[in-house]
Amino acid sequence: MFASFDFDVIRRSLGYLFLDGMAFTLTLTGLSALGGIIFGTLIALMRLSGYKLLGHIAGLYVDLMRSLPLVLVIFWFYFLMPYVGQWVTGASRPISVGAFTSALVTFIMFEAAYFSEIMRAGIQSISKGQPAAANALGLTYAQTMRYVVLPQAFRNMLPVLLTQTIVLFQDTSLVYVLSMPDFLGAASKVAQRDGRLVEMYLFAAIVYFVISCTASFGVRRLQARISIVR
Amino acid sequence: MNYNWNWSIFFEPAPGGTGTYFNMLLSGLWLTIQTGVFAWIIALVFGSIIGVLRTLPSKTAYWVGFAYVEFFRNMPLLVQLFLWFFVLPELVPRSWGLWLKQLPNAPFYTAAIGVGLFMSARVAVQLAAGIASLPRGQKQAATALGLTTVQSYRYVLLPIAFRIILPPLTSEFLNTIKNTAVAITIGLIELTGQARSMQEFSFQVFEAFTAATVMYLLINIIVVTGMRFLERSLAIPGYITGK
Amino acid sequence: MIEISHVDKWYGPNFQALKDCTTSVAKGEVVVVCGPSGSGKSTLIKCVNALEPFQSGQIILDGIKVNDPKTDLPKLRARVGMVFQHFELFPHLKIIENLCLAQEKVLGRSHDEAMVKGTKLLDRVGLKEQARKYPAELSGGQQQRVAIARALAMDPIAMLFDEPTSALDPEMISEVLDVMVDLAREGMTMMVVTHEMGFASKVAHRVIFMDGGEIVEDALKSDFFGSPRSDRAQKFLSKILSH
């Protein structure tokens, strides 16, 4: 069945696929996860702060992001970023924003909505007695969050946050719609150039599968360890 | 922001002679709904079967369910669509491959099936968790009354489990609809696709995306409202499912 | 009616839940099984209708071997009623539907026939007015009476009770025990796991005391309450009867 296929094309393009493509994908995933968790925590704190207006704004943002397909959000930011850049820098014309920056901002903003929901659940899972005890000791709201609630919430939520990061890793493949050179984009370029769609897409599928599987296996082990300690 | 807003663009005729830009977006919306519903049916059917398999005492059944879920969960949806669209026709016998490639509406069927199977893994996980959350005594009570395994699932376990997982199923349904936008990469001109082509033809990028955004929000509101109604009509008096 | 001989059961390789259990329940006999928690009494009673598998020994129910792979278990189970600690009514079905489900699906009775039977039994346990309610709308005692009625609707040849009153608030225990006492006096064959020694002394013919997976004592009621032969049974009795 595979007689007419040329799997050597994979070997020939390994360097490009991994050193360029996968490096792009992993960098984008890592930075987006970091930014998304920080921004997501802020949103979660806004929603739980007790200030109605702040909570409403954060809630609207989360609902909006979660109602839209990621592909549409990618397009939105891709076309919006030059104008935002112009506004920020005070330039006279929309400035060109690199593809990577645009993608990074998109994923941080988009994933923050999902991370914030995880964080919110995590914070709410901490029993009410904990912040009460912290307050009784004279800690301020910020100190209570920083030293008592968030460390526990992060610990509880770590497996879910990591699972969401695996989803993010897979989602970054969608930058394909902007013809960016992530792992899938790189595979696709080779596929088109050499007319080797079957070989390249099968290989890409296997690589994504192996990485995601390994990562989720790791998360499961971590989860088991956390639940034993607790 | 020096961008020339032109909201009347929606009422200008779109190239292609099929009506205004607004008509164009509406046809995209309709395709999004069709693809989403078709995919959701597939997700529910396959997800239910696999979800049940994961809760049976048989080791084999569990492993089949496990492998299925891991397969569909660990590859990006985009890659899965490429596999169905570009790779599958080359791997089946030549005549089938030709038939597949010449299929009219191939992007539609590929999207519906591809998104449907992708989502079925998530439905399966939800359902298995729902069944596992039922007290063990429920299965035992059904068994003790003489119900067979099939009957216990059909009359006792599934009706309760589906009620419990109705809220997460609502978000999975919405995810299914949103995920059909990924099919833009295999040439399905659904809502996001139409917004994108409107942007290319008219250069009114933000009007196009704003309209698509509003339409997605409307879909969300309608689905959430509908599911709330369903939840309420299926609610069991006195029984709290949130425990 | 129920012949249990040399039954062994392990959970995993290290924990033996039942050790060489041998006893029997004759037709029309009421046998109470008691013992500290974890002694294996619930496991033993669940082995009788094969809700729990066991590794060696055998149980014969009305002449049919329970642990024979050829036995039609659903059919056998339909002939033995079982009442659970946590009632295990099906929460999504109305009270009367709980009584009808297995009558129709397992015994193949018509809906009308099942309704007549169900209503009669509800009347018998004093809950005819609750027929159209859902389980969660009833008190624990009422739910347990419904569960007894549900088991009786199958016209069982014997009834198994697995701690039927331990999940109940104290003020509801007697309403359930009353139903059970009536049943015993009508000559129903009963095997009852319970700590209610008042019930045992009132209607039981024999009392079995279990500890650590073993049947330590199997005696006529008068002998058991008069002078238990083993230390363990004596200690247990003094603990429960002292308050």
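What counts, and at which threshold
- For every chain, the first residue of the written sequence is number 1, and numbering continues from 1 along that sequence.
- By the order in which they are written, chains take letters starting at A while ligands take numbers starting at 1.
- Since the coordinates come from a predicted model, pLDDT governs what is reported: local features require at least 70, and pairs of side-chain atoms require 80 or more to be given and counted, while whole-chain, interface and lining totals use all residues.
- The basis for every side-chain value is the complete set of non-hydrogen atoms in the structure, without hydrogens or water.
- Salt bridges, as used here, are contacts in which a Lys or Arg side-chain nitrogen is within 4 Å of a carboxyl oxygen on Asp or Glu.
- Numbering goes from the N terminus for both helices and strands, where a helix is a DSSP run of H or I of at least four residues and a strand is a run of E of at least two.
- Burial classes: relative accessible area under 20% of the type maximum marks a residue as buried, over 50% as exposed, and values in between as partly exposed (1.4 Å probe, protein chains only).
- Contact criterion: two residues are considered in contact whenever any of their non-hydrogen atoms come within 4.5 Å of each other.
- The term buried area means the drop in 1.4 Å probe accessible area that two parts suffer when joined, counted for both and summed.
- What qualifies as a polar contact is a pair of N or O atoms within 3.5 Å, subject to a donor-acceptor requirement within protein and to the restriction that residues adjacent in sequence count only when both atoms come from side chains.
- Polarity classes work like this: nonpolar for Ala, Val, Leu, Ile, Met, Phe, Trp, Tyr, Cys and Pro, charged for Asp, Glu, Lys and Arg, and polar for all others, with Gly in that last group.
- Helix axes are fitted only over the stretch in contact, all axes being lines through C-alpha atoms; the angle between N-to-C directions runs from 0 to 180 degrees.
- Here the word oblique covers every angle except those under 35 degrees (roughly parallel), over 145 (roughly antiparallel) and from 65 to 115 (roughly perpendicular).
- Left-handed is the label given to a crossing in which the near helix is rotated counterclockwise from the far helix by less than a right angle, and right-handed is the label when the rotation is clockwise.
- The predictor attaches a confidence to each residue, called pLDDT, with possible values from 0 through 100.

A.B. asks: For this particular structure, what's the right way to read the pattern of salt bridges?
C.D. replies: Once their charged atoms are close, side chains differing in charge can pair, the charge on each being opposite to the other. Evaluated as defined, the whole model comprises 24 salt bridges over all chains. When the shortest N-O distance is used, the salt bridge between Lys117(C) and Asp155(C) registers 2.6 Å. In this pair, Lys117(C) sits in helix H4 (residues 111–124) while Asp155(C) sits in the loop between helix H5 (140–152) and strand S7 (158–162), placing the two residues 38 residues apart along the sequence. Given the relative accessible area of 41%, Asp155(C) is considered partly exposed. The closest approach of N and O atoms between Arg124(C) and Glu186(C), which form a salt bridge, is 3.0 Å. Residue Arg124(C) is found in helix H4, and its partner Glu186(C) is found in the loop between helix H6 (170–185) and strand S8 (190–193); the two are separated by 62 residues along the sequence. Classification of Glu186(C) as exposed rests on a relative accessible area of 55%. Each of the salt bridges in this network shares a partner with another, and the network as a whole consists of Asp8(A), Arg11(A), Arg12(A), Arg193(A) and Asp194(A).

A.B. asks: Please explain the interface of chain C and chain B as it appears in this structure.
C.D. replies: Listed as interface residues are 24 residues of chain C and, on the opposing side, 23 residues of chain B. Contact with chain B buries surface across chain C, with Phe90(C), Pro91(C) and His92(C) losing the most and accounting together for 27% of the total. Where chain C touches chain B, the interface holds 1 salt bridge. Here Arg136(B) ties to Glu52(C) by a salt bridge, and the two come within 3.8 Å at their closest N and O atoms. Our enumeration of links across chain C and chain B arrives at 6 residue pairs in polar contact (both at pLDDT 80 or more). Put simply, the parts of the chain that give the side of chain C that touches chain B at least two residues each are helix H2 (73–78), strand S6 (80–83) and helix H3 (95–105) of chain C. Across the side of chain C that touches chain B, the residue classes break down as 15 nonpolar, 2 polar and 7 charged.

A.B. asks: Hey, could you run me through the packing of helix H2 (residues 59–73) of chain B against helix H5 (residues 106–132) of chain B in this one?
C.D. replies: The relative placement of two packed helices comes down to the angle between their axes together with the axis-to-axis distance. All names here are of chain B. Look at H2 against H5: their axes get within 8 Å of each other, and the N-to-C directions meet at 130°. On the basis of the axis angle, H2 is oblique to H5. The hand of the H2/H5 crossing is left-handed. Contacts between H2 and H5 involve Tyr68, Val69, Phe72 and Arg73 from the former and Leu117, Phe118, Ser120, Ala121, Ala124 and Val125 from the latter. Here the residues of the contact of H2 with H5 sort into 8 nonpolar, 1 polar and 1 charged.

A.B. asks: Would you explain the confidence of the model for chain A in this entry?
C.D. replies: Keep in mind that low pLDDT regions are not for reading the predicted coordinates in detail. Per-residue pLDDT for chain A averages 91, and the proportion of residues at 70 or more is 97%. The least confident element of chain A, judged by mean pLDDT, is helix H5 (residues 129–136) of chain A at 88; the most confident is helix H2 (residues 52–67) of chain A at 95.

A.B. asks: Help me out: how do you make sense of the interface of chain B and chain A in this one?
C.D. replies: Tallying the contact residues gives 35 residues for chain B and 37 residues for chain A. In total, chain B and chain A occlude about 3,300 Å² of area from one another, counting both sides; carbon and sulfur atoms represent 76% of this. Taken as a group, Asn74(B), Leu91(B) and Lys178(B) account for 17% of the area that chain B buries against chain A, more than any other trio of residues on that side. One can count 1 salt bridge joining chain B with chain A. Summed over the shared surface of chain B and chain A, the result is 6 residue pairs in polar contact (both at pLDDT 80 or more). Among the elements of the structure, H2, helix H3 (77–91), helix H9 (191–202) and helix H10 (205–234) of chain B are those that each provide at least two residues to the side of chain B that touches chain A. Among the elements that line the side of chain B that touches chain A, the one with the most residues is H10(B), at 9 residues.

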